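Observations on the model geometry
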Protein chains: 2
Amino acid sequence: MKIRSYTVEEYIKRVEAFHGFSAPGVVLGGFMVELAYQHLPAEGLFDAISETTKCLPDAIQLLTPCTIGNNWLRIVDLGRFALTLYDKKQGEGVRVYVDPVKLDKWPEIQTWMLKLKPKKEQDAHRLLLELLDAGTSILGYQKVKVDLSRFNKHERTRASICPVCGEGYPSSDGEICLGCRGDRQYCVISPNPDTQAEKIKLR
Amino acid sequence: MKIRSYTVEEYIKRVEAFHGFSAPGVVLGGFMVELAYQHLPAEGLFDAISETTKCLPDAIQLLTPCTIGNNWLRIVDLGRFALTLYDKKQGEGVRVYVDPVKLDKWPEIQTWMLKLKPKKEQDAHRLLLELLDAGTSILGYQKVKVDLSRFNKHERTRASICPVCGEGYPSSDGEICLGCRGDRQYCVISPNPDTQAEKIKLR
């Protein structure tokens, strides 16, 4: 079986290089992307949605032109291990999901997917073997029409210089940038003295 | 100048292959990651935060072990073109940002970054040349300590089978999965009849 243009071995090497290790979720994600493409038109420009933050986005980034930074991949975190590839302009596409009914034959996949045991009690090697054996057989797919209005690009907003941090930010965020409002700040900053001096000059 | 282990030309080729084209934000992001590493300890395991969804996450994914799917890259969308690389265990790290004060010498970068003209009136070729010329000189950096408690991993939640869609989801999301609650659903599904029949059997 091929995963797009790759053999399974080639794909796993790419997973290791990008994701850091051959995580079961990225391996399974490879089969999911492959199944989606099998049911999409041969030609077209497809955007992607991952319904989970975990692993699956990396399979999409490795096997499609969609990345999180080019905005063709979006994560709608619904907690389901599922993805959708859809026509960028029309919204028609294919959603691929893991079908729990089909997991009965694959005890280690079932244990992993349904979290029946803590991770350390799971058998990672056996899980990988089962995933490679199962391929697309544990998946289901649906034809979907994506509501493109949910993902419409915002109009270009003007940029402002934040009077607190001195950096650029979208003017539509208000008088100061979201980072300086406090509630979203994720770190304490020890300013570099030179940089700070320059910022003070700016104000 | 090198961007991590790459020459600038090699890096731009990698950007084109992954991101689809040599987007100015990913090119600039390369210099930002490079500057961050220059001020980090030589050894260590660093997680990453991007303060924007636009372009910058792809530079991080290309130049660090952090990806959106392995969860070592997180996006905290503050609308600022800035990133932080920090020690996974201690939280100490370096935040790199674009310093508007330093853009006066680079009119095309200034126009692009501060959105002074609509994109179609900007000169993409000149912008790229200015970015390559400017390198890290338009950036600032700060030592930071990231509040790791914001990113603590959740306890393993148990998984349930959603009685509506028949798929697995985190039990902590409630009686039905987030996708079936309606407000977050992003598409209309035309079920594959075979699959649907199997799902009905499950219930």
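Further up the page is the structure itself.
Anyway, here's the lowdown on the structure attached to this text. Each residue is numbered by its place in its chain's sequence as written, counting from 1. The lettering of chains begins at A and the numbering of ligands begins at 1, in the order of writing. At least 70 in pLDDT is required for a residue's local features to be given in this predicted model, at least 80 for side-chain atom pairs to be given and counted, and no such filter applies to totals for whole chains, interfaces and linings, which use all residues. Hydrogens and water molecules were not included; the side-chain quantities draw on all heavy atoms of the structure.

Turning our attention to the pairing of strand β3 (residues 46-50) of chain B. Residues and elements named next belong to chain B. Type-normalised accessible area, obtained with a 1.4 Å probe on protein chains alone, sets the label of each residue: buried when under 20%, exposed when over 50%, and partly exposed for intermediate values. The way it works is that DSSP assigns letters per residue, a run of H or I at least four long becomes a helix, a run of E at least two long becomes a strand, and they are numbered from the N terminus. For β3, a buried count of five out of five residues is recorded, marking the element as mostly surrounded by other parts of the structure. Residues Phe46, Ala48 and Ser50 of β3 are buried on one face, and the alternating residues Asp47 and Ile49, pointing to the opposite face, are buried as well. One bridge is not enough; two strands pair if DSSP finds at least two bridges between them. When β3 meets strand β5 (residues 82-87), the two strands line up antiparallel, connected through five bridges. Considered in β5, the bridge of alanine 48 is made with leucine 85. Here β3 pairs with strand β4 (residues 73-75) via three bridges, running parallel. Looking across to β4, one finds that alanine 48 is bridged to leucine 73. Crossovers are described as right-handed under a simple rule: with the strands pointing away from the observer, the path leading from the first strand over the helix to the second runs clockwise. Crossover β3 to β4 through helix α3 (residues 56-63) is right-handed.

Okay, the interface of chain B and chain A next. By a widely used convention, the size of an interface equals the accessible area lost when the partners come together. Contacts are residue-level and defined by heavy atoms, with any inter-residue pair within 4.5 Å sufficient. Counting residues at the interface gives 76 residues for chain B and 76 residues for chain A. Interface area lost by chain B to chain A is led by Leu78(B), Arg80(B) and Tyr186(B), which between them contribute 14%. When a carboxyl oxygen of Asp or Glu lies within 4 Å of a side-chain nitrogen of Lys or Arg, that pair is called a salt bridge. Counting the contacts that link chain B with chain A gives two salt bridges. Linking Glu167(A) and Arg95(B) is a salt bridge whose minimum nitrogen-to-oxygen distance equals 2.8 Å. Between N or O atoms, a polar contact is any pair within 3.5 Å; within protein, one atom must be a potential hydrogen donor and the other a potential acceptor, and residues adjacent in sequence are included only when both atoms are from side chains. One can count 27 residue pairs in polar contact (both at pLDDT 80 or more) joining chain B with chain A. Broken down by element, the residue count for the side of chain B that touches chain A peaks at seven residues, all from strand β7 (residues 139-146) of chain B. The pairing of strand β7 (residues 139-146) of chain A with strand β10 (residues 187-190) of chain B spans four bridges and is antiparallel. From the neighbouring strand, Lys143(A) faces β10(B), where its bridge partner is Ser190(B). A 1.4 Å probe defines the accessible area here, and the buried area is the portion of it lost by two parts on being joined, summed over both.

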